[in-house]
Amino acid sequence: MGICGYLGVPGKCFVVLGLKLLFLVPAGVPARSGDSVLKDNITVRQGESAVLKCNVDSKVSRVAWLNRTTILFAGNEKWSLDPRVILMENTAATEYSIKIQNVDVHDEGPYVCSILTNKKPKSTKVHLIVQVPARITNISKDITVNEGSNVNLMCLAFGRPEANIIWKHHSPRGTHKFMSQGEHLELTAITKEQSGSYDCIASNEISSPDVRTVQVTVNYPPFISKPRDTGTQVGQKGVLQCEASAVPRANFEWYKEDRRLFNGLNRVKIENQDKQSKLTFFNVSEEDYGNYTCVAMNTMGITNASILLYGPGAMHDVNGAAVLPRYSVCLLLTVTSFHLLKF
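Nothing here was measured: the structure is a model prediction, and the numbers come from that model.

S.K.: Looking at this structure, how should I read the overall build of the chain?
M.R.: From N to C terminus, the chain includes 3 helices and 25 strands. Nonlocal contacts in the chain, meaning residues at least 24 apart in sequence, comprise 62% of its contacts between residues at least 6 apart. Taken as a whole, the chain presents about 19,300 Å² of accessible surface, with 51% of it coming from carbon and sulfur.

Written out as structure tokens, the structure reads:
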């Protein structure tokens, strides 16, 4: 039996008639015989259950629930093939309600309770709104770039209401900074300070924010920080240290004047670990005193620094640094220029 026959309305289908009539009565007006009522919206979260209520009375002879043009229930008879849609039991005699379990986005829309009383139709409309927690659907992959490059990070998210997206930067130094709002984050002429992790945070106040992270690695040439001269007595252990920040990690070489030093030769030991290199003299002699050049290099560039090993009798300037004879300084400049041309 069709729904028109079920409701006993000749001619055009009662579904069409009911949908036309329901817009003629303002929202919130109580349902009476012959009325068409637009009820308030019902809002549920995705995955929850929605209960759609319809008030009836003893004059009702026929009743049905429809979703758009699809019949869900006609009386106690289920027409829907969806197992999630059930007719509520043990409800009051004046109530004809259905439940939609595990609600999803495609369930959103208008639902109509069509009632026939004494051959006179009326209908109640319920609009179901499905809220969806914000979730990130696509995000840029981790990236490695050279310093000075332009970087564009992308983060797409879905949610109902629409997801709001913000970006936060976590630098290697442990600082946290809000960057911008929106799906795209543009970094122009990126610097090494802008390396680190970038959090895309999507939220719409429905549940906890969804957070995904993009790691941005910035390659940059070595930079030697604060080389310090060392004073050591003859016969004692002396250590020269050279520290260079660089990405990729720097390789180190040590030179005495124009002669490269190697680990285990000439009574020295060279230890390279992470961003630091140590040149160790286990038994300092007079001939060990002088200028040493630490050279740090990677694929991005090369740099060097002069470090002095001096004895107790060396003169010092006002800043406490040992003073070299003029010829040693000139020789050091010559060696440095040679290595820069070499690389």
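S.K.: What's the story with the pairing of strand S9 (residues 109-117) in this structure? I'm lost.
M.R.: Every regular strand shows the same layout, with side chains that alternate between the two sheet faces. Of all 9 residues in S9, 8 are buried, a share of seventy percent or more. The pairing of S9 with strand S10 (residues 120-139) spans 9 bridges and is classified as antiparallel. Following the sheet pairing, Ser-114 is matched in S10 by Ser-123.

S.K.: In this structure, what is going on with the nonpolar core? I would like to understand it.
M.R.: Considering soluble globular proteins, one finds that nonpolar side chains tend to be buried as a cluster. Counting 22 residues, the largest nonpolar core has Trp-65, Tyr-96, Ile-98 and Leu-128 as the members making the most contacts within it. At the level of secondary structure, the elements contributing two or more residues to this core comprise strand S3 (50-52), strand S4 (60-67), strand S5 (70-74), strand S7 (85-87), strand S8 (98-100), S9 and S10. The greatest single-element share of this core, amounting to 4 residues, is contributed by S10. Ignoring sequence-local partners within four residues, the contact set of Leu-128 consists of Ile-42, Val-44, Ala-50, Ile-100, Val-103, Asp-107, Glu-108, Gly-109 and Tyr-111. Listed in part, the 21 residues of the second largest apolar core include Cys-242, Ala-246, Ala-305 and Leu-309.

S.K.: Would you explain the sheet that holds S7 in this entry?
M.R.: Strands pair in a sheet through their backbones, by hydrogen bonds, and they do so in one of two ways: parallel or antiparallel. Here 3 strands make up an open sheet; going across it, the order is S3-S8-S7 and the pairing antiparallel. The open sheet has two edge strands with one neighbour each: S3 and S7. Across the sheet, the axes of successive neighbouring strands diverge by a mean angle of 25°, strand direction being ignored. With 3 bridges joining them, S3 and S8 adopt antiparallel strand pairing. Its bridge partner being in S8, Val-51 is matched across the sheet by Lys-99.

S.K.: Looking at this structure, how should I read the environment of Asp-210?
M.R.: Mapping Asp-210 onto the fold places it in strand S17 (residues 210-224). Taking the relative accessible area as the measure of exposure, Asp-210 reaches 21% and is therefore partly exposed. Through-space distance from the C-alpha of Asp-210 to that of Asp-199 is 10.0 Å; in sequence the pair is 11 residues apart. Residues within four places of Asp-210 in sequence aside, it is in contact with Ala-134, Arg-135, Ile-136, Cys-200, Ile-201 and Ala-202. At 2.6 Å, the side chain of Asp-210 and the backbone nitrogen of Ile-136 are in polar contact.

S.K.: Explain the state of the cysteines here, please?
M.R.: Here a disulfide denotes one covalent bond, and it connects the sulfur atoms of two cysteines. The full count for this structure, using the stated rule, is 3 disulfides. What pairs with Cys-155 in a disulfide is Cys-200, and their sulfur atoms sit 1.9 Å apart. Judged by the sign of its S-S torsion, about -75°, the bond between Cys-155 and Cys-200 is left-handed. Linking Cys-155 in strand S12 (residues 151-160) with Cys-200 in strand S16 (residues 196-203), this pair joins segments that are 45 residues apart in sequence. Taken as a pair, Cys-155 and Cys-200 share a single burial class, namely buried. Bridging Cys-242 to Cys-294, the disulfide has an S-S length of 2.0 Å.

S.K.: In this structure, what is going on with the layout of surface pockets? I would like to understand it.
M.R.: One way to see where empty space is left: roll a probe the size of a water molecule over the atoms. Of the volumes computed, that of the largest pocket is approximately 470 Å³. Taken together, 22 residues make up the lining of the largest pocket; nearest its centre are Pro-172, Arg-173, Lys-192, Tyr-220 and Ser-245. Listing elements by their share of the lining of the largest pocket, those giving two or more residues are S17 and strand S19 (238-247). Among the elements that line the lining of the largest pocket, the one with the most residues is S17, at 6 residues. Formed jointly, the lining of the largest pocket draws a minimum of three residues from each of two domains, domain 2 (140-220) and domain 3 (226-315).

S.K.: Please explain the pattern of salt bridges as it appears in this structure.
M.R.: Any two side chains of opposite charge can pair, on the condition that their charged atoms come close. Across all of its chains, the model carries 9 salt bridges by this definition. In this structure, Arg-84 engages Asp-107 in a salt bridge whose closest nitrogen and oxygen atoms are separated by 2.8 Å. Note that Arg-84 is positioned in the loop between strand S6 (77-78) and S7 and Asp-107 in the loop between S8 and S9, a separation of 23 residues in sequence. Relative accessible area serves as the criterion here: at 16%, Arg-84 is assigned to the buried category. Here Asp-107 falls in the buried class, since its relative accessible area comes to 6%. The partner of Glu-253 in a salt bridge is Arg-260, with the nearest N and O atoms 3.3 Å apart.

Quick notes on the rules
Residues numbered from 1 in each chain as written. Predicted model: local features only at pLDDT ≥ 70, side-chain atom pairs only at ≥ 80, totals over all residues. Heavy atoms only, no water. Helix = DSSP H or I, 4+ residues; strand = E, 2+ residues; numbered from the N terminus. Contact = heavy atoms within 4.5 Å. Areas by Shrake-Rupley, 256 points an atom, 1.4 Å probe, with all protein chains shown as cover. Buried < 20%, exposed > 50% of the residue type's maximum accessible area, 1.4 Å probe, protein only. Pairing = 2+ DSSP bridges. Core = buried A, V, L, I, M, F, W, Y, C linked by side-chain atoms within 4.5 Å. Axes fitted to C-alpha atoms, helices over the stretch in contact; angles between N-to-C directions. Polar contact = N/O pair within 3.5 Å; in protein donor to acceptor, adjacent residues only side chain to side chain. Disulfide = S-S within 2.5 Å. 1 Å grid on protein atoms, 1.4 Å probe; cavity = no way out; pocket = protein on both sides within 12 Å on 5 of 7 lines; lining within 4 Å. Points joined across faces, edges and corners; volume = space filled by probe spheres on them. Domains from an automatic or database assignment. Salt bridge = Lys/Arg side-chain N within 4 Å of Asp/Glu carboxyl O.

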